[in-house]
Protein chains: 2
Amino acid sequence: MCSVFLISLIGEDWIFFFLLGILMGLTSWAMELGINMLLKGQKWVYGRLDSNGFLQYLGWVGYSVALIVFSAGFTQIVSPQAAGSGISEMKTILRGVLLKEYLTFRTFVAKVISLAFALGSGMPLGKEAPFVHIASLCGALLCKLPVFRGIYENESRYREMLAAACAVGVGCVLAAPVGGVLFSIEVTFTFFAVRSYWRGFFSVTIAAFFFRVLAVWYKDEETVTALFRTHFQVDFPFDLKEMPAFALLGIISGFGGALFVYLNRRIALFIKKQKLFNTFLMKKCLVYPVMVSFLISSLLFPSGFGQFMAGELTQNEALVTLLDNRTWTKDGIAEEFDYIGNARVWMHPQVTVFGTLALFTIMRFWMCALAITMPVPYGAFMPVLVIGAGLGRLVGECMAYWFPEGIHAGHAIYPIVPGGYAVVGAAALSGAVSHSFSTVVMVLELTGQISHLLPALIAVVLANLVAQSLQPSIYDSIIKIKKLPYLPELGWGQHEVYNIRVEDIMVRDVQYITLSCSYRDLLNILMKSRLKALPLLKSAESMILLGSIERTQLQSLLSQQLSCARRLQCIKERGAEAKKLLSTESNPPSNNNSSLQTGPEEGHIQVRGHRRTHALSFTLVDLQITDWEARQLDERVNFNNCKINPALIQLLECTSLHKTYTIFSLLGLDHAYVTRIGRLIGVVSIKELRKAIDGSMTLKGVKVAPPMATFRNSSLSSSQNETTYLQAVRPPEEHVTDAPKHVC
Amino acid sequence: MCSVFLISLIGEDWIFFFLLGILMGLTSWAMELGINMLLKGQKWVYGRLDSNGFLQYLGWVGYSVALIVFSAGFTQIVSPQAAGSGISEMKTILRGVLLKEYLTFRTFVAKVISLAFALGSGMPLGKEAPFVHIASLCGALLCKLPVFRGIYENESRYREMLAAACAVGVGCVLAAPVGGVLFSIEVTFTFFAVRSYWRGFFSVTIAAFFFRVLAVWYKDEETVTALFRTHFQVDFPFDLKEMPAFALLGIISGFGGALFVYLNRRIALFIKKQKLFNTFLMKKCLVYPVMVSFLISSLLFPSGFGQFMAGELTQNEALVTLLDNRTWTKDGIAEEFDYIGNARVWMHPQVTVFGTLALFTIMRFWMCALAITMPVPYGAFMPVLVIGAGLGRLVGECMAYWFPEGIHAGHAIYPIVPGGYAVVGAAALSGAVSHSFSTVVMVLELTGQISHLLPALIAVVLANLVAQSLQPSIYDSIIKIKKLPYLPELGWGQHEVYNIRVEDIMVRDVQYITLSCSYRDLLNILMKSRLKALPLLKSAESMILLGSIERTQLQSLLSQQLSCARRLQCIKERGAEAKKLLSTESNPPSNNNSSLQTGPEEGHIQVRGHRRTHALSFTLVDLQITDWEARQLDERVNFNNCKINPALIQLLECTSLHKTYTIFSLLGLDHAYVTRIGRLIGVVSIKELRKAIDGSMTLKGVKVAPPMATFRNSSLSSSQNETTYLQAVRPPEEHVTDAPKHVC
């Protein structure tokens, strides 16, 4: 009672997002705690077993493998939908496609626990992308509470809430509220409501605050700070003359990002294709993660190969050292000074700093691309960020080597800050892999210093330019691998989308049902087509579109018509008839039954019919059934009590591909009918749209625009393109449906 | 040739946004230079005339008034559309409403020059909002270049470019690229495409880079830095225990923001209402700005009242001092230390620091609300930011007074940093006035320090909560004052929008034309209705919607039918007829004209007719015209060569208000027809939608939801709400248009 009053006073939405914030803050904090404990566990094992090298190796690798196996097994058993990043799936769900079991409590439990174990294993995995899924899960579960029943029951409101919840995801994890919200939006949406963005900000602020309060309470940190604080000098962080180096770093990151996506997809597709391998993996699904985690943790083993690539550091530790604001080399030789904390591992007697940094970058690069094919919950963002920081640091150290004197600016000399390059590299590579710009904001929030904003922006823009023109983002790539129903993003330079029209891509040969069709027609159409919904027309002549009916509805109509109940009913009726006939035979025909009293010939037939009835009941049952079915199928379909979906959006032949794309993505459509003044003339589904967009991509050098589009481009001016006049006026008595043409 | 090749290689879009970035960087830099020179001019005049107090006063005030008069006059003469912020107009334009003359070169010139003079006058005005307009102007003008012809000629592409250009605006001005893009998006859009956001980021990065390069070249700054650099300690900027103070600051700012919007609107409406005053202003349009600028600059006069409120500082100087990281008071008394630069003006022998800060805040508050009613280009963002900083500093200094020892956190003691409160206050008040969250990012970018992110976020969220529930944003308020055709934003707690349906708000009595109507019908409808477009139906019986025709098209149809040319034609024809008759009279009737040879009575009539012709030619011209017109009007309309716009979106009765709103804002619709299986049953225009949204707002305590909506709310479950069954199947022979009901 009290709560209802409170809710009506403050508003459901506010409370919803407040609770969501609290919940996410709590989840994030608890996971942080768990993962840190697990990571410390591995180091503890490693430290305790230092008497015996082999034992130590076994302990190190065994720990990782065990955790990954648990994670994969738990996911498999509790909810296989929890595997993967979840961003690809959320993208699909927000487009209006229902993915079953993706937003249940089981999935939530599986995702949180498996993710904690997967990250605790020390594999190069991140938790950012899964948190988009977790936030959506929290939102979806909150909606199911009795208090928020109203939200859950209204579909468009539910979807709006889900969208806002989605935006909360990343911001809660990285203590980068602003960048997090922006990142979540960028990677999940094509169009975004500013309303949802506000809600996301509200929720994420609550979450960040709560997270920090918890951290302070538990004496983790004295107060509220950035996660990976940098200490660059603020007065002169970099010079304009360093810009080419930052730009180059951006371009390298762009190629690197595209290569990462390509590599990951090749690995994933390779594993999918290997049939033998695949059935083996399917049967014993834990073999693959065991192999991968064994390989990676062996290479990372700190006393083995790991010593050349800082294998002993966790991702967070590595990032902290990479952002160090001192130069590690002087004239190419490692400087000897007091390294803060873990930075000493980068120095190796046999390998230079350049060597360890290069090994770190390259090895981690393919390891991460491999690791994110395991069937556990994973994110690629954080590992890529760390790899980018390594790359940036490498470039920075090279710069410091080439310009040992620093940069002369006016009357002062400023040294190179390799840590700044690490910040820029981190933003650029993660931006290139995820096709987003907000990594700039995230990185700045993470480091707590804004001084490298401009070089980071430039590097990210260049990295995106390169990466976007070579490969899809990692999330779109996963969508393609998983074959989820999604529309590709429109690329940068795709002008064709404005010139292609619906008539160029629509399917003209539409399967339809009419109000006057028979059950047989229905059966034929259901056998012929695999469409999820069929258009309902007034009649085949008028072609006037009334709406569409889902396949399941039609199937149930058909099965009702041929149902057991009706069969029994029929048999009963026949039985009754037969009995009556029998009784009329035993008792001589009287006047009370008019149908049996029509004349001598008919009476004769009747008797013979009666005999036949007997025969039928026992010997001709099969024939009778076929007969009955045939008659049932010839009946006209009864559309009573059948759900008819309206065709809210009707496209026109001259609607441009761009507009169609916009409408499809905005309203989450699956298909749309093309009409000409009420008459159905075609249908466009996501498939056609996807083909058209892919076809109009000039990336591969081959442009597959439909012939009509090119024709129009060259021969007609755009104003003519847009306007069609009613060329010949028909007398109004004529059938109007093929008279006027439309202006698009 | 070469440029065409280059463009096809790199892509038009990239080059477009690159050029836009360069152009914006240049414009921004040139304006910055001009404004600074003008501002220095006032100080120079003030300094030169210090021998005589009155002369000094005259010089100070005269300078301001002269600049404002020039600015207002220039705007009035060159392009009155340049006055105002421009955000409200851009919002409207991006919704698809064409505002004439808003995107021309004249307006660009007027806006840039007038803005520079208005800001140079020292009035509390800003240049952020006008830069949204300037960026859009640049974008629109670039589109008109022959190279980008392709963009300009395709409407949807043009609008997309405009949207992205709009996002570039603020980022170029404040050296806050990220926050600027976000701010522009927040205040201009309801839905935005992530594509546009990327493009905006690209362009703004170019602009920011170019701006900085220019600044370095001209030795303004040694390198690339934040505009209002702060120097707070990074290790412990604030304690969790200070959070309530930050939250309070947020809430105060929320009320302040709402009050600001309210005050501004009251002033603007007051001036609009004063009829006498208004005509006076209209005639001599410069009287009002003279009065306002005289009043404000008199109060700011540094040797007069201005000394108590730091009147001598420009906005930028004031902001720099307010962000000072030292405490100005010790036990309530002004500290005596070396003030950096201008900070000394805040100390006054008669007034405490609290006094000057309070006076500064309050006086500037109403001054700004007043100043932005002048007919010059203006923005409210920067002055409000400065006022917010003043408010924050005041709260901070109070905190430092109450907790002179600082805050005990664990084993250490940290002093209060009033400058941090100034940062938070600036973000909160500007966020409250503009209803945006991105002010957080902007303020952090401006100060170059990210340390106060969390308190700023919390304050901005609270400020927005308060302000959004009390008043519209300043931009929406201006839209209301100017009565621009725009849809209000959906508020936070408006659940009614999900329950109201189109049938509750649509206009059922639709004016329409049919294919078979006469010109008289057309005339009647044009006289009766004031609609911009009229629906075209197949016939009044079938009510099948074919599309709509614009009013101007119909008017031209009508005027063509009654045109001079046709009149002359008719007169000529008659003349020819008359001549023929005359000739037949002089030459006796022969067999060559069958029509004149029908019988004696008719011959008789003919001769009488001939006489009548003579009479008509001279005496009955008037009657003849009326007669001719009447006959012309009775003809059936010839819709040949008439543009027919298709009804791409057809709403259904059961479409929810929320969905309708979404479709309208996304596709920039003006009106949409409501159909039931092709038949027109109503129309919804922006007006109805606006009414419905305002009506469903519960802000004023009175809820005006339509009766049907409430009925549905209580009696039907939501699933029933969403689904309607085909209750009674009609035999297919029946007219189908009123048979099946739809599922929404």
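Residues numbered from 1 in each chain as written. Chains lettered and ligands numbered in written order. Predicted model: local features only at pLDDT ≥ 70, side-chain atom pairs only at ≥ 80, totals over all residues. Heavy atoms only, no water.

**A closer look at the overall build of chain A**
Moving on, step 1. Within chain A, the regular secondary structure consists of 31 helices and 11 strands.
Moving on, step 2. Taken across its 744 residues, chain A has 59% of its residues classed as buried.
Moving on, step 3. Considering only residue pairs separated by 6 or more positions, chain A has 75% of its internal contacts joining residues 24 or more positions apart.
Moving on, step 4. Carbon and sulfur atoms provide 62% of the accessible area of chain A, an area that totals close to 31200 Å². (Helix = DSSP H or I, 4+ residues; strand = E, 2+ residues; numbered from the N terminus. Buried < 20%, exposed > 50% of the residue type's maximum accessible area, 1.4 Å probe, protein only. Contact = heavy atoms within 4.5 Å. Areas by Shrake-Rupley, 256 points an atom, 1.4 Å probe, with all protein chains shown as cover.)

**A few points about the sheet that holds strand β11 (residues 679-685) of chain A**
Moving on, step 1. Taken together, 3 strands build an open sheet; the order of strands is β9-β10-β11 (chain A) and the sheet is mixed. Lying at the two open borders of the sheet, with one neighbouring strand each, are β9 (650-651) and β11 of chain A. (Pairing = 2+ DSSP bridges.)

**Let's talk about the pairing of strand β8 (residues 545-550) of chain A**
It is a general feature of regular strands that their side chains alternate between the two faces of the sheet.
Residues and elements named next belong to chain A.
Moving on, step 1. For β8, the buried fraction is high: 5 of the 6 residues fall into the buried class.
Moving on, step 2. Of the strand pairs in this sheet, strand β7 (residues 533-537) and β8 are connected by 5 bridges, and their pairing is antiparallel. Of the residues in β8, the one forming a bridge with Pro535 is Ser548.

**Digging into helix α19 (residues 453-470) of chain A**
Moving on, step 1. Here α19 of chain A is 18 residues long and its end C-alpha atoms lie 26 Å apart, about the 26 Å a rise of 1.5 Å per residue gives.
Moving on, step 2. The element α19 of chain A is largely enclosed, with a buried count of 14 among its 18 residues. (Expected span 1.5 Å × (residues − 1).)

**Comments concerning the sheet that holds strand β8 (residues 545-550) of chain B**
Residue and element names in this part refer to chain B.
Moving on, step 1. Ordered in space as β6-β7-β8, the 3 strands form an open sheet in which the pairing is mixed. Each having just a single partner strand, β6 (513-514) and β8 make up the two edges of the open sheet.
Moving on, step 2. With 2 bridges connecting them, β6 and strand β7 (residues 533-537) associate as parallel partners. Note on β7: the bridge partner recorded for Ile513 is Leu536.
Moving on, step 3. Running at roughly 80° to β8, helix α24 (residues 551-561) makes contact with β6, β7 and β8 of the sheet. (Axes fitted to C-alpha atoms, helices over the stretch in contact; angles between N-to-C directions.)

**Considerations on the pairing of strand β11 (residues 679-685) of chain B**
Residues and elements named next belong to chain B.
Moving on, step 1. The element β11 is extensively covered by neighbouring structure, given that 6 of its 7 residues are classed as buried.
Moving on, step 2. When strand β10 (residues 671-676) meets β11, the two strands line up antiparallel, connected through 6 bridges. Each residue of the ladder has a partner; that of Val674, found in β11, is Gly682.

**Here's the deal with the environment of Leu582 of chain B**
Moving on, step 1. Along the chain, the position of Leu582 of chain B falls in helix α25 (residues 564-586).
Moving on, step 2. When the C-alpha positions of Leu582 of chain B and Val292 of chain B are compared, they lie 79 Å apart, and in sequence the two are 290 residues distant.

**Thoughts on the packing of helix α4 (residues 87-94) of chain B against helix α8 (residues 155-173) of chain B**
All names here are of chain B.
Moving on, step 1. Taken N-terminus to C-terminus, the directions of α4 and α8 make an angle of 155°; their axes are 11 Å apart at the nearest point. Classified by the angle between their axes, α4 and α8 sit roughly antiparallel to one another. Remark: the crossing between α4 and α8 carries left-handed chirality. Taking contact as the criterion, the partners of Met90, Ile93 and Leu94 in α4 are, on α8, Arg159, Leu162, Ala163 and Cys166. (Parallel < 35°, antiparallel > 145°, perpendicular 65-115°, else oblique. Left-handed = near helix turned anticlockwise from the far one by under 90°.)

**Quick word on the packing of aromatic side chains**
Moving on, step 1. All chains considered together, the criterion is met by 32 aromatic pairs over all chains.
Moving on, step 2. Arranged with centres 5.8 Å apart and planes meeting at 5°, the rings of Phe201 of chain A and Phe437 of chain B form a pair that is stacked. In this pair, Phe201 of chain A is assigned in helix α10 (residues 194-217) and Phe437 of chain B in the loop between α17 (418-434) and α18 (439-447), connecting two distinct chains.
Moving on, step 3. Classification of Phe201 of chain A by relative accessible area gives buried; the value is 1%.
Moving on, step 4. Taken together, the aromatic side chains of Tyr46, Phe54, Tyr57, Trp60 and Phe301 of chain A make up a single cluster linked through ring pairs. (Phe/Tyr/Trp six-rings, centres within 6.5 Å; stacked < 30°, edge-to-face > 60°.)

**Quick word on the packing of helix α2 (residues 12-48) of chain A against helix α5 (residues 105-120) of chain A**
Residue and element names in this part refer to chain A.
Moving on, step 1. At a minimum axis separation of 8 Å, α2 and α5 run at an interaxial angle of 35°. Judged by the sense of rotation from one axis to the other, the crossing of α2 with α5 is right-handed. Here Thr27, Met31, Ile35, Leu38 and Leu39 of α2 come into contact with α5, specifically with Val112, Leu115, Ala116, Phe117, Leu119 and Gly120.

**A look at helix α17 (residues 418-434) of chain A**
Residues and elements named next belong to chain A.
Moving on, step 1. Between the first and last C-alpha of α17 there are 24 Å, a value that for 17 residues agrees with the 24 Å anticipated at 1.5 Å per step.
Moving on, step 2. Taken across its 17 residues, α17 has 17 buried, putting it largely inside the fold.
Moving on, step 3. The first or second residue beyond α17 is His435, which carries a positive phi of 55°.

**Considering the environment of Tyr63 of chain A**
Residue and element names in this part refer to chain A.
Moving on, step 1. Along the chain, the position of Tyr63 falls in helix α3 (residues 53-78).
Moving on, step 2. Considered as a pair, Tyr63 and His408 are 345 residues apart in the sequence and their alpha carbons are 51 Å apart.
Moving on, step 3. Among all residues touching Tyr63, those that are not within four sequence positions of it are Leu38, Gly41, Gln42, Val45, Leu58 and Gly120.

**Topic: a nonpolar patch on the surface**
Moving on, step 1. Where nonpolar side chains cluster on the molecular surface, the patch consists of Phe54, Leu55 and Leu58 of chain A and spans about 300 Å² of accessible area.
Moving on, step 2. In this fold, Phe54 of chain A is placed in helix α3. (Patch = residues over 30% accessible without salt bridge, like charges linked within 9 Å, V, L, I, M, F, W, Y side chains within 5 Å. Salt bridge = Lys/Arg side-chain N within 4 Å of Asp/Glu carboxyl O.)

**Observations regarding the pattern of salt bridges**
Residue and element names in this part refer to chain A.
Moving on, step 1. As enumerated under the stated definition, the model contains 14 salt bridges over all chains in all.
Moving on, step 2. Where Lys91 meets Asp476, a salt bridge forms, and the shortest distance between an N and an O atom there is 2.8 Å. With Lys91 in helix α4 (residues 87-94) and Asp476 in helix α20 (residues 474-482), the pair connects residues that are 385 residues apart, well separated along the chain. Neither Lys91 nor Asp476 differs from the other in exposure class; each is buried.

**Comments concerning the confidence of the model for chain A**
Residue and element names in this part refer to chain A.
Moving on, step 1. Looking at chain A as a whole, the pLDDT averages 76, with 78% of positions reaching at least 70.
Moving on, step 2. Considering only residues more than four positions removed or in separate chains, one finds that residues 589-609, a stretch of pLDDT under 50, has 10 contacts.
Moving on, step 3. Taken together, the stretch residues 697-744 has pLDDT below 50 and engages in 85 contacts with residues farther than four places along the chain or on a different chain.
Moving on, step 4. For this predicted complex, the interface confidence score (ipTM) comes to 0.74, while the overall pTM stands at 0.76. (pLDDT = per-residue confidence, 0-100.)

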